[in-house]
Amino acid sequence: MRIQHWRRNTTAAVIPYPPIEPDPQIAVRFPEPRHGEDVVALSRSLSPALVLQAYRAGIFPWPVRQGLVPWASPDPRAVFPLGPARPWPRTVRRALKADLRVSFDEAFDDVMQACADRPGEGTWITPDILYTYSELHRLGWAHSVEVWQASTLAGGLYGIAMGALFAGESMFHRVSGASKVAFAACVERLRERGFLLFDVQVLTAHLSLLGCSEIPRDEYRARVRQALERSARFG
């Protein structure tokens, strides 16, 4: 789950790969990830169909600017284990006691925009990403978790659900602890509804504190295939 601007130098990894044209009428085959490289392809834009095809292959878009979309398959890959529940860290338990309300899919576009609004940090959530994922939400693939303080949006996250895979994209908070509440609520929903895999993409210190860990890319891709064979419903 990308909670800050991508700071990797992608130039060298992108150059050898031919661009992928995001025509939803054409079946595109993403290249197999190469050992030691996180970026498998490059396109100038993206579409809902291309994004869904990428996720099925364990790949996701990570724009560096509008009009330049690297398609990433990091090794290792970060996930949150959806096995038997373990106690949340103290900071999460404290956040869960706050007077906050959780909802699902009530304010998807607002959550995305809040994730993109990071003054001084930069963002990979370009206008193309905003438009494409908003369309994926309208089509039933993308979902949001909102955390409210009274009537104010205090935090949240969004991601893509397909089969029994949920790929968390980004999260934010405006009130201390609100993103932790959103994350915990998302985990609870995924467990209740039979999801097998919660992909958080790239491990950060914050995600590690929440209980996320890394697995090899090959193992992740095998788990994606397994999750896609099973039906689960987030919304």
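Everything below is about the structure shown above.
Residues numbered from 1 in each chain as written. Predicted model: local features only at pLDDT ≥ 70, side-chain atom pairs only at ≥ 80, totals over all residues. Heavy atoms only, no water.

Draft legend 1. Seen up close, the packing of helix α4 (residues 108-116) against helix α5 (residues 127-138). Contact pair α4 / α5: the axes reach a minimum separation of 10 Å and the direction vectors enclose 155°. In terms of axis orientation, α4 runs roughly antiparallel to α5. Handedness of the α4/α5 crossing: right-handed. Contacts from Phe108, Asp109, Met112 and Gln113 in α4 reach Ile129, Leu130, Tyr133, Ser134 and His137 in α5. (Axes fitted to C-alpha atoms, helices over the stretch in contact; angles between N-to-C directions. Helix = DSSP H or I, 4+ residues; strand = E, 2+ residues; numbered from the N terminus. Parallel < 35°, antiparallel > 145°, perpendicular 65-115°, else oblique. Left-handed = near helix turned anticlockwise from the far one by under 90°. Contact = heavy atoms within 4.5 Å.)

Draft legend 2. Highlighting the packing of aromatic side chains. Inspection of the entire model under this criterion finds 13 aromatic pairs. Taking the centre distance of 5.4 Å and the plane angle of 55° together, the rings of Phe30 and Trp71 count as tilted. With Phe30 in the loop between α1 (11-14) and β1 (39-43) and Trp71 in strand β3 (residues 69-72), this pair connects stretches of sequence that are 41 residues apart. No difference in accessibility class separates Phe30 from Trp71, as the two residues are buried. Taking 6.4 Å as the distance between ring centres and 75° as the angle between the ring planes, the aromatic pair formed by Phe195 and Phe234 counts as edge-to-face. (Phe/Tyr/Trp six-rings, centres within 6.5 Å; stacked < 30°, edge-to-face > 60°. Buried < 20%, exposed > 50% of the residue type's maximum accessible area, 1.4 Å probe, protein only.)

Draft legend 3. Local environment of helix α6 (residues 178-192). For α6, spanning 15 residues, the distance from its first C-alpha to its last is 21 Å, which sits close to the expected 21 Å at 1.5 Å a residue. Most of α6 sits out of view: twelve of its 15 residues are buried. The set of residues buried in α6 consists of Ala178, Ser179, Lys180, Val181, Ala182, Phe183, Ala184, Ala185, Cys186, Val187, Arg189 and Leu190. Gly194 sits one or two residues past α6 and shows a positive phi near 80°. (Expected span 1.5 Å × (residues − 1).)

Draft legend 4. Looking closely at the sheet that holds strand β6 (residues 142-149). As summarised here, the arrangement of the seven strands in space is β5-β6-β7-β8-β9-β4-β10, forming an open sheet in which the pairing is mixed. Since the sheet does not close on itself, it has two edges, and those belong to β5 (101-104) and β10 (213-215), each with one partner. Ignoring strand direction, the axes of neighbouring strands in this sheet form an average angle of 35°. Sheet strands touched by helix α2 (residues 48-56): β7 (152-162), β8 (165-173) and β9 (197-201). Its angle to β7, the strand with the most contacts, is close to 70°. With respect to the sheet, helix α8 (residues 217-228) is in contact with β4 (77-80), β7, β8, β9 and β10, its orientation differing from that of β9 by roughly 140°. (Pairing = 2+ DSSP bridges.)

Draft legend 5. Fine view of the layout of surface pockets. Approximately 220 Å³ is the volume found for the second largest pocket. What lines the second largest pocket is a set of 13 residues, among which Glu32, Gln53, Arg56, Ala57 and Arg221 lie closest to the centre. Looking at the lining of the second largest pocket, the elements that each hand over two or more residues are α2 and α8. Among the elements that make up the lining of the second largest pocket, the one with the highest residue count is α8 (three residues). Taken together, the residues of the lining of the second largest pocket sort by class into six nonpolar, two polar and five charged. (1 Å grid on protein atoms, 1.4 Å probe; cavity = no way out; pocket = protein on both sides within 12 Å on 5 of 7 lines; lining within 4 Å. Points joined across faces, edges and corners; volume = space filled by probe spheres on them. Nonpolar A, V, L, I, M, F, W, Y, C, P; charged D, E, K, R; others polar.)

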